[in-house]
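Each chain is listed here by its residues.
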Amino acid sequence: HVEIQQEETLGLRAMLLCWIRLAYIAAFRLAQEGDALFMCHHRHAVKFRQYLSLIDEEFKFHWSISRYAKKLNMTVSTLNNLCREIGGQTAKCYITQRLMKESEFLLQYTELTIIEIAHQLGFKDSSYFSRFFRRSASMMPREYRQAMRK
């Protein structure tokens, strides 16, 4: 009976983490795109949404901007111009922000080690992940985790 309760608790925890992740991704998308983007009549709004969706699918593989551009049948310059025009940021910024949101989520809501998080996010080693995180968040991953759990 105790084993069943433990399994149910683990199942509920896993389900809750999935829902939190979905909410986190939805919030990220809304923050990046803004509510108005979904109604946007900009001639490149569809391509921009495709780019953001592609980032969601591939960010862990650390694609280059040129690979994203090629996948969208455009040049790097066109992709950057599109991102600046619609979202006000470079194409690279959107990839960095997506990686950071996933990093923050994993640090805040899981017990994974920094090494495991780095591996899960496609970084070759945890020191590179830590430098990436510090550049974006102005603190080390461990410091972020401690701050969020207080």
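Just so you know, the residues in each chain are numbered from 1, in the order the chain's sequence is written. In view of the model being predicted, local features appear only for residues whose pLDDT reaches at least 70, and side-chain atom pairs are presented and counted only at 80 or more, with totals across whole chains, interfaces and linings using the full set of residues. Only heavy atoms go into the side-chain values, all of them from the structure, while hydrogens and water stay out.

1. Let's talk about the overall build of the protein
Quick note on the threshold: Runs of E in the DSSP output that reach at least two residues are strands. Runs of H or I that reach at least four are helices, and both are numbered from the N terminus. Here's how the labels work: a residue is buried when its accessible area is under 20% of the maximum for its type, exposed when over 50%, partly exposed in between, all with a 1.4 Å probe on protein chains only. In what follows, a contact means two residues having at least one pair of non-hydrogen atoms within 4.5 Å. Computed with the Shrake-Rupley method and a 1.4 Å probe, the accessible areas treat only the protein chains shown as cover for residues.
If you tally the helices and strands in the protein, you get eight helices and zero strands. Of the regular secondary structure in the protein, the N- to C-terminal order runs α-α-α-α-α-α-α-α. Counting only residues that meet the buried cut, the protein has 33% of its 150 residues in that class. In the protein, once contacts between residues fewer than 6 apart in sequence are set aside, the share between residues at least 24 apart is 59%. As displayed, the protein offers around 9,600 Å² of accessible surface, 57% of which is attributable to carbon and sulfur atoms.

2. A closer look at the side chain of E58
Applicable threshold: Positive charges are assigned to Lys and Arg, negative charges to Asp and Glu, while His and the chain termini are left out of the count. What counts as a salt bridge is simple: a side-chain nitrogen of Lys or Arg found within 4 Å of a carboxyl oxygen of Asp or Glu.
Position of E58 among the secondary structure elements: in helix α2 (residues 45-58). Comment: no salt bridge for buried E58; closest opposite-charge side chain is K71, at 6.2 Å. Each residue touching E58, except ones within four places of it in the same chain, is listed here: W63 and Y68.

3. Focus: the confidence of the model for the protein
Detailed reading of the predicted coordinates is not advisable wherever pLDDT is low. Put simply, the rule is: What pLDDT expresses is the predictor's confidence in each residue, scored from 0 to 100.
In the predicted model, the protein carries a mean pLDDT of 85, and the fraction of residues at 70 or more is 76%. Predicted confidence for residues 35-39 stays below pLDDT 50, and this span has eight contacts to residues more than four positions away or in other chains.

4. Observations concerning helix α7 (residues 126-137)
To be explicit about the condition: Each helix should span, by expectation, one fewer than its residue count multiplied by 1.5 Å. It is the directions from the helix axis to the C-beta atoms that the arc portrays.
With 12 residues, α7 extends 16 Å between its outermost C-alpha atoms, agreeing within 8% with the 16 Å of an ideal straight helix rising 1.5 Å per residue. Within α7, the full set of buried residues consists of F129, S130, F132 and F133. Projected down its long axis, α7 shows its buried positions confined to an angular sector of 165°, all on one face. Where the residues of α7 are buried, they touch α5 (91-109), α6 (114-120) and α8 (141-148). Looking one or two residues past α7, S138 carries a phi angle of roughly 60°, positive in sign.

5. A word on the packing of α5 against α7
To characterise two packed helices, one gives the angle between the axes of the helices and the distance between these axes. Rules: Interaxial angles span 0 to 180 degrees and are taken between N-to-C directions of axes, which are lines fitted to C-alpha atoms, for helices over the stretch in contact. Reported orientations rely on four angle classes, namely roughly parallel under 35 degrees, roughly antiparallel over 145, roughly perpendicular from 65 to 115, and oblique for the rest. Throughout this entry, Asp, Glu, Lys and Arg are counted as charged residues, while Ala, Val, Leu, Ile, Met, Phe, Trp, Tyr, Cys and Pro are counted as nonpolar. The remaining residues, Gly among them, count as polar.
Between α5 and α7, the shortest axis-to-axis distance is 11 Å and the interhelical angle comes to 105°. One finds that α5 runs roughly perpendicular with respect to α7. Here α5 contributes T96, L99, M100, S103, E104 and L107 to the contact with α7, which in turn contributes F129, F132, F133, S136 and A137. Tallied by class, the residues present in the contact of α5 with α7 amount to seven nonpolar, three polar and one charged.

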